[in-house]
Amino acid sequence: MNIVVMKFGGTSVAGTEKINNIAKIVKSEFKNNRLIVVLSAMAGETNKLQSYLDEFKAQNSIESDLVLTSGEQVTIGLLSAALNNIGVRSLPLLGWQVPILTDENYEKAKILQIDKKRIKEYFADYDVIVLAGFQGVNLSGRITSLGRGGSDTTAVAIASAIDAERCDIYTDVDGVFTTDPNIEPNAKKIPKLSYEEMLEMASTGAKVLHTRSVELAMKNNLTLQVLSSLTKKNGTFIIDEKELIEKEIVSGVSYSRNEAKVTISGIPDKPGISAKIFGLMTENNINVDMIVQNISQDGVSANITFTINQKDHDLTKSVIEKSKSTLNYKSLLLDKKVAKVSVIGMGMMSQAGVAEKMFKTLAKNVINILAISTSEIKISVLIDEKHTNIAVKSLHEVYNL
Ligand code: ADP
Ligand code: ASP
Ligand code: MG
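Each value, and the rule that gives it
Residues numbered from 1 in each chain as written. Chains lettered and ligands numbered in written order. Predicted model: local features only at pLDDT ≥ 70, side-chain atom pairs only at ≥ 80, totals over all residues. Heavy atoms only, no water. Near = heavy atom within 4 Å. Polar contact = N/O pair within 3.5 Å; in protein donor to acceptor, adjacent residues only side chain to side chain. Areas by Shrake-Rupley, 256 points an atom, 1.4 Å probe, with all protein chains shown as cover. Nonpolar A, V, L, I, M, F, W, Y, C, P; charged D, E, K, R; others polar. Core = buried A, V, L, I, M, F, W, Y, C linked by side-chain atoms within 4.5 Å. Buried < 20%, exposed > 50% of the residue type's maximum accessible area, 1.4 Å probe, protein only. Contact = heavy atoms within 4.5 Å. 1 Å grid on protein atoms, 1.4 Å probe; cavity = no way out; pocket = protein on both sides within 12 Å on 5 of 7 lines; lining within 4 Å. Points joined across faces, edges and corners; volume = space filled by probe spheres on them. Helix = DSSP H or I, 4+ residues; strand = E, 2+ residues; numbered from the N terminus. Axes fitted to C-alpha atoms, helices over the stretch in contact; angles between N-to-C directions. Parallel < 35°, antiparallel > 145°, perpendicular 65-115°, else oblique. Left-handed = near helix turned anticlockwise from the far one by under 90°. Pairing = 2+ DSSP bridges.

Some details on the site of ligand 1
Move 1: Close contacts around ligand 1 come from 19 residues, with Thr171, Asp172, Phe177, Asp180 and Asn182 the closest.
Move 2: At a separation of 2.7 Å, an oxygen atom of ligand 1 approaches a polar side-chain atom of Asn182.
Move 3: Relative to its unbound accessible area of 570 Å², ligand 1 is 88% covered by the protein chains.
Move 4: Here the shell around ligand 1 is composed, by residue class, of eight nonpolar, seven polar and four charged.

Examining the site of ligand 2
Move 1: In the vicinity of ligand 2, the contacting residues are Ser40, Ala41, Thr46, Glu72, Phe134, Arg148, Gly149, Gly150 and Ser151.
Move 2: Take Glu72: an N or O atom from its side chain is 2.7 Å from a nitrogen atom of ligand 2.
Move 3: Summarising the interface, the protein chains cover 85% of the accessible area of ligand 2, which totals 260 Å² for the free molecule.
Move 4: Looking at the shell around ligand 2, its residues break down into two nonpolar, five polar and two charged.

Quick look at the nonpolar core
Move 1: Membership of the largest hydrophobic core comes to 39 residues, with the highest contact counts inside it found for Val5, Ile36, Ile119, Cys167 and Met198.
Move 2: The residues touching Cys167, leaving out its near neighbours within four places in the chain, are Val5, Ala155, Val156, Ala159, Leu222, Thr223, Leu224 and Gln225.
Move 3: Counting 24 residues, the second largest nonpolar core, distinct from the first, contains Met6, Phe8, Phe30 and Leu79.

So, the layout of surface pockets
Move 1: For the second largest pocket, the calculated volume is near 490 Å³.
Move 2: Lining the second largest pocket are 25 residues, with Lys247, Glu248, Ile249, Val250 and Ser251 positioned closest to its centre.
Move 3: Secondary structure elements with two or more residues in the lining of the second largest pocket: β10 (192-194) and α12 (354-364).
Move 4: Among the residues making up the lining of the second largest pocket, the classes are represented as 12 nonpolar, five polar and eight charged.

Some words on the packing of helix α7 (residues 195-203) against helix α8 (residues 211-219)
Move 1: In contact at an axis separation of 8 Å, α7 and α8 are set at 165 degrees when each is read in the N-to-C sense. As judged from the angle between their axes, α7 and α8 are roughly antiparallel. Helix-helix and strand crossings are classified by hand; for α7 and α8 the assignment is left-handed. Contacts from Tyr195, Glu196, Met198, Leu199, Ala202 and Ser203 of α7 reach α8 at Thr211, Val214, Glu215, Ala217 and Met218.

Thoughts on the sheet that holds strand β13 (residues 252-268)
Move 1: Taken together, the six strands give an open sheet; going across it, the order is β14-β15-β13-β16-β18-β17, and neighbouring strands pair in antiparallel fashion. Each having just a single partner strand, β14 (288-295) and β17 (371-375) make up the two edges of the open sheet. Strand after strand, the sheet turns through a mean of 25 degrees between neighbouring axes, direction not considered.
Move 2: As paired strands, β17 and strand β18 (residues 378-384) are joined by five bridges and run antiparallel to one another. Paired with Ser373 across the bridge in β18 is Ser380.
Move 3: The strands touched by α7 within the sheet are β13, β16 (331-344), β17 and β18, with β16 carrying the most contacts at an inclination of about 145 degrees.
Move 4: Running at roughly 20 degrees to strand β15 (residues 301-309), helix α9 (residues 273-283) makes contact with β13, β14 and β15 of the sheet.

The quantities given are spatial measurements derived from coordinates; they are silent on function.
Here it is as structure tokens:
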């Protein structure tokens, strides 16, 4: 039995007309295959639910995940009804009904296990299983969510668990582009991309795929295709690096406005201080990204700057303020008006001058660099948020993308 996994994002299921359209796409795919169709909530729905939760200050809790995951219950029910209406035997399933077992971390739960035996048994009576993305159940029997954008991860996890033939991620653009096509109209669709490049693009802000979905696909060597639910064109294939014939020096430019910069000034310049600061961040489950340390003007104390996700702004501020006496710093400054812009490419590993070109281009546009971080295939810079679009566009141009 061939099983194909198809995932449709929020814009593809936003409204009954679109859901009927998806039902037709699913029916056309169904001929020789059994299908698992993973859905998001309707576009904007999860944001709306988040804003309700904000009013009640419900964060990382049983309640937050119960509410956040409710949008998917609506879309899977409606698509299943639409499929049954056109003669496709369909069963809608929530995460706990599979079950998709996760750890206990609300709002960023990790999948531990999927019961594939039961899923396969359902195919005795049904042609299509319509599965709610973004959700699971923990060992305490509570509903969990996988982090915003997490339905991609549900799709990849289920595809890996049942050894699916393919995993197609349908979205509102034709594939993965050289940069976000919504801010750079000249962006081009990339036909093939390595897992590593896609991982860097996703983790630096290209929200077209959830970062963990790419990690999981890479681990299981599962080919992903990102394609449009509106056109019938081939999309982007995310594959093993070894299968890539040509390695681009720079494949894409990504950006993230979800950053916040933290600067702690006048800390004693002695061993153990960084360990203390970042120990505090770890204890509080706050991810730190870029880090810059320098000696302050007096030569005896130091300043340290690092970036965090904007959603951790308030928590970081209170955690550091509470430890003022042990950290012994002079001042603390947090800034949300920053953005991270990154260039990514496999070919960068063997080519000099990529960073220089990036820095020269930013300088030409009078954009100041606040922090830098690199990997073998990525260079990221932190800049003032107001320069994001011009930075992305000028870098896209200078690398001939
Ligand atoms: P879905 O609801 O289908 O999951 P998302 O909104 O999560 O869709 O992801 C698709 C969006 O990702 C696109 O509309 C686009 O604006 C954005 N995006 C950012 N960077 C890229 C990129 N490099 N290629 C394609 N899309 C990108
Ligand atoms: N509906 C969830 C969100 O908006 C999950 C997803 O779309 O992937 O984050
Ligand atoms: Mg998405």
